[in-house]
Amino acid sequence: MNLLKIKSFPGQEKGEKAILVLRRHWFVFFKTILLFGLGLLIPIVIYNAFPELWGNIFQNEVIKAVSILLISAYYLGMWLFFFAHFVDYYLDIWIVSNKRIINTEQKGLFSRTISEQKLETIQDVTSEVKGIIPTFLDYGDVYIQSAGTLQRFVFKQVHHPNQIIKTILALVKEGQRFEAMNQLKTEIKIK
Amino acid sequence: MSFAMPTGIEFELSFILIPYFLFLFLFAVFAFFNLYHIIRFGVKTTLGLFSIVVFGVGTFYILVGTMAAASEIDWNYIINITL
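Computed from a predicted structure; not experimentally measured. (Residues numbered from 1 in each chain as written. Chains lettered and ligands numbered in written order. Predicted model: local features only at pLDDT ≥ 70, side-chain atom pairs only at ≥ 80, totals over all residues. Heavy atoms only, no water.)

Visitor: Please clarify how the interface of chain B and chain A should be interpreted in this entry.
Guide: When the parts of a complex come together, some accessible area is lost, and that lost area is often used as the size of the interface. With 37 residues of chain B at the contact, the number on the chain A side is 30 residues. Regarding the contact of chain B and chain A, the summed buried area is about 3100 Å², with carbon and sulfur atoms giving 82% of it. On the surface where chain B and chain A come into contact, there are one salt bridge. Between E72(B) and K64(A) there is a salt bridge, with its nearest N and O atoms 3.5 Å apart. Linking chain B with chain A are six residue pairs in polar contact (both at pLDDT 80 or more). Listed by contribution, the elements that provide at least two residues to the side of chain B that touches chain A are α1 (17-41) and α2 (46-70) of chain B. Among the residues forming the side of chain B that touches chain A, the class breakdown is 25 nonpolar, nine polar and three charged. (Contact = heavy atoms within 4.5 Å. Buried area = accessible area lost by both parts, 1.4 Å probe. Salt bridge = Lys/Arg side-chain N within 4 Å of Asp/Glu carboxyl O. Polar contact = N/O pair within 3.5 Å; in protein donor to acceptor, adjacent residues only side chain to side chain. Helix = DSSP H or I, 4+ residues; strand = E, 2+ residues; numbered from the N terminus. Nonpolar A, V, L, I, M, F, W, Y, C, P; charged D, E, K, R; others polar.)

So this is what it looks like as structure tokens:
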């Protein structure tokens, strides 16, 4: 489930450990790869469909030059489109540490949202798996509701949502137990 | 004083490289922002580094391919458009 093994992450606090590092399921990005592959094939298919026609057209120096530049621009554009989609996929990341949940989302090239939630404030964690492919590949959304806020945290299209719920709930319980122990210790000291 | 109306336009084929270079400039700007984001905000993983290398190599190959194909063109060829 922990797709990535990382030693550190941006904004890491002292004594904080990353328990889960989550990204969208690979199948979500696979759709982009398919689209990109299709885009790569279009000029090749068009060229191979009418080889004689292109042979005659490319005799003209101007048409040949314009075609080379257009095809080059097309492939560079496609390549950049693919890389930009990868960056968007790569930078959407959710980190569950032993202290909090960090949500980092890249929205386009110039918009980025980072938010966090302390584990002790979490009240409810639910998951949703919708559709045939998500059911087979076991990926879906995980919703995290914290006390006193209307806003929910959403881990979008993550792998093994049910296992994630179990891990988060176990961490929340552990945190609550630790807090209760600390309170007890303080009360004993006061007495 | 009398003005003769131009009967046509003549320019070198290399003129069409200007919009292409403009496109390359825009490509470089967007590529820079994407690379900046992945380096600045990305969690340091092998996948991140690998993607940067693949993007660089892919871009290099497209440009080298373009240069190889464009080297066969006579860019001094004069285009004559008659009005």
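Visitor: Would you mind going over the sheet that holds strand β6 (residues 139-146) of chain A with me for this structure?
Guide: In a beta sheet, neighbouring strands are held together by backbone hydrogen bonds and run either parallel or antiparallel to one another. All names here are of chain A. Ordered by their spatial adjacency, three strands build an open sheet running β5-β6-β7, and the pairing between neighbours is antiparallel. Each having just a single partner strand, β5 (122-128) and β7 (152-159) make up the two edges of the open sheet. Mean inter-strand twist for the sheet, computed between neighbouring axes without regard to direction, equals 20°. Across six bridges, β5 lies against β6 in antiparallel orientation. The partner of I122 across the bridge, within β6, is S146. Contacts between helix α5 (residues 161-190) and the sheet are confined to β5, β6 and β7, with β5 contributing the most and set at about 170° to the helix. (Pairing = 2+ DSSP bridges. Axes fitted to C-alpha atoms, helices over the stretch in contact; angles between N-to-C directions.)

Visitor: Looking at this structure, how should I read the pattern of salt bridges?
Guide: Any two side chains of opposite charge can pair, given that their charged atoms come close. Per the stated rule, a full pass over the model turns up five salt bridges over all chains. Overlapping salt bridges bring together E16(A), R100(A) and E116(A) as one network.

Visitor: How should the pairing of strand β2 (residues 93-97) of chain A be read in this particular structure?
Guide: Sheet faces and side chains relate simply in a regular strand, where the side chains alternate between the two faces. All names here are of chain A. Counting buried positions over the five residues of β2 gives five, a clear majority of the element. Side-chain alternation along β2 places I93, I95 and S97 on one buried face and W94 and V96 on a second face that is also buried. Relative to β2, strand β1 (residues 18-22) is paired through four bridges, and the arrangement is antiparallel. Bridge pairing links L22 to W94 in β2. Two elements, β2 and strand β3 (residues 100-106), share four bridges in a ladder whose sense is antiparallel. Opposite I95, over in β3, you have I102 as the bridge partner. Here β2 folds back onto β3 in antiparallel fashion, the turn holding two residues. (Buried < 20%, exposed > 50% of the residue type's maximum accessible area, 1.4 Å probe, protein only.)

Visitor: Would you take a moment to explain the nonpolar core for this structure?
Guide: Nonpolar side chains in soluble globular proteins generally cluster together in the buried interior. In terms of nonpolar packing, the biggest core is built from 30 residues, with F86(A), L13(B), F55(B) and W75(B) touching the most fellow members. Contributing elements (two or more residues each) for this core: α1 (26-49) and α3 (61-91) of chain A together with α1 and α2 of chain B. Here the element with the most residues in this core is α3(A); it accounts for 15 residues. With residues up to four places along the chain from it excluded, the contact list for F55(B) reads W79(A), L80(A), F83(A), F27(B), A31(B) and L35(B). (Core = buried A, V, L, I, M, F, W, Y, C linked by side-chain atoms within 4.5 Å.)

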